[in-house]
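Chain by chain, the residues run as shown.
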Amino acid sequence: MNEVIGSILPLSMGVALSPFPIILIVLLLGSARPRANGMAFLAGWVAGLAAIVALLTFALDALAGSGSEPGPIAGVLRILFGAALLAMAGRKFAKRFGTGDAGPLPRWMASAGAYSPRQSVLMGLALSGANPKNLALTAAAGVAIGEAELATSAEIWAMAAYLLLASATVVIPLAGYVIAPRKMSVPLVAVMDWLQGNHSIMTGLLLVVFGFILLGNGIASF
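Residues numbered from 1 in each chain as written. Predicted model: local features only at pLDDT ≥ 70, side-chain atom pairs only at ≥ 80, totals over all residues. Heavy atoms only, no water.

**Student:** In this structure, what is going on with the environment of tyrosine 162? I would like to understand it.
**Tutor:** Within the fold, tyrosine 162 resides in helix 8 (residues 152-166). Considered as a pair, tyrosine 162 and proline 10 are 152 residues apart in the sequence and their alpha carbons are 9.8 Å apart. Residues in contact with tyrosine 162, not counting those within four places in the same chain, are Ile8, Leu11, Ser12, Val15, Val53, Leu137, Thr138 and Ala141. (Helix = DSSP H or I, 4+ residues; strand = E, 2+ residues; numbered from the N terminus. Contact = heavy atoms within 4.5 Å.)

**Student:** Explain the packing of aromatic side chains here, please?
**Tutor:** To describe a pair of aromatic rings, you give the distance between the ring centres and the angle between the ring planes. Counted by the stated rule, this structure contains 1 aromatic pair. Between phenylalanine 41 and tryptophan 45 the ring centres are 6.4 Å apart and the planes differ by 25 degrees, which places this aromatic pair in the stacked class. Here tryptophan 45 and phenylalanine 41 lie together in helix 3 (residues 34-65), a separation of 4 residues that amounts to about one turn. Residue class for phenylalanine 41 comes out buried when judged on its relative accessible area of 0%. (Phe/Tyr/Trp six-rings, centres within 6.5 Å; stacked < 30°, edge-to-face > 60°. Buried < 20%, exposed > 50% of the residue type's maximum accessible area, 1.4 Å probe, protein only.)

**Student:** Which parts of the structure should I look at to understand the nonpolar core?
**Tutor:** Generally speaking, a soluble globular protein has its nonpolar side chains buried in company with each other. Membership of the largest hydrophobic core comes to 56 residues, with the highest contact counts inside it found for Leu11, Leu24, Phe41, Leu85 and Tyr162. When residues in this core are grouped by element, the largest group, 9 residues, is from helix 3. (Core = buried A, V, L, I, M, F, W, Y, C linked by side-chain atoms within 4.5 Å.)

**Student:** How should the side chain of lysine 133 be read in this particular structure?
**Tutor:** On the secondary structure map, lysine 133 appears in helix 7 (residues 132-147). Here the side chain of lysine 133 touches glycine 14 through a polar contact of 2.9 Å, landing on its backbone oxygen. Not counting residues within four places of it along the chain, the set of residues in contact with lysine 133 comprises Gly14, Val15, Ser18, Leu85, Met88, Thr203 and Leu207. (Polar contact = N/O pair within 3.5 Å; in protein donor to acceptor, adjacent residues only side chain to side chain.)

This is the structure we're talking about:
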C-alpha cells in the first residue's frame, strides 16, 4: 500500500496544480451563486477523476484475474502516457514562446460568472475527465493501483487518497470561501491573475517532469 501511495502522490500533485481548475473555481466563487457553483464544480471534478482512476484500476484487476501478467501492459501504458505528456509539453512551450499567455480569458472562462450549477458540474467533468493532461495522469494512477496486488478495500482507499490529493487546489479555495469569504477574495484573485499570465509555462514544466517520470517507470516495468 505504501508503495502505491508513493506512486500516485506525484501524479495527484500534477493534477492538483493544473492552472485552469484553480482559475475557474476562483471565478465561480465570484459568481452570483458562489457556493452552489463551487460545490457543483467540485462534484463534477471529482466524478471525472473517479471514473478514470476506477476504470483503469478495475481493468488491470480483470486482466490479472484472467491469468495475464499486467506488468508489461502497465509498462506500455505508462510509456504511452509519458510520450503523450511530452508531446503536450512541446505544444505548451511553443504557445508560450510564440504568443504568450497575456490577453483576455477564453470565452468559456470569462462567462463563468453567469454559470448555473449544472454548467459548473459539466465544466468540472470536462476539466478532469476530458482534459488530456489530467486524463493521462489519472489513468497512470489507476494503472499503479490496479497493477499492485491489493485487496479491493485497499484499492478503494488508494483511489480515495488520490482523489483527495488531486482535488486539494479546488477544495481549499472553496472551503476558505465558505469559512471566510471576504478574507479569501484578495489572495484568490492574486493567484488567478498570476496563473492567467503564466499557465502555459507552468503546465509545460509539469508535463515535462511527469512525462519523463512515466517513461522511466514504464521502461522499468519490463
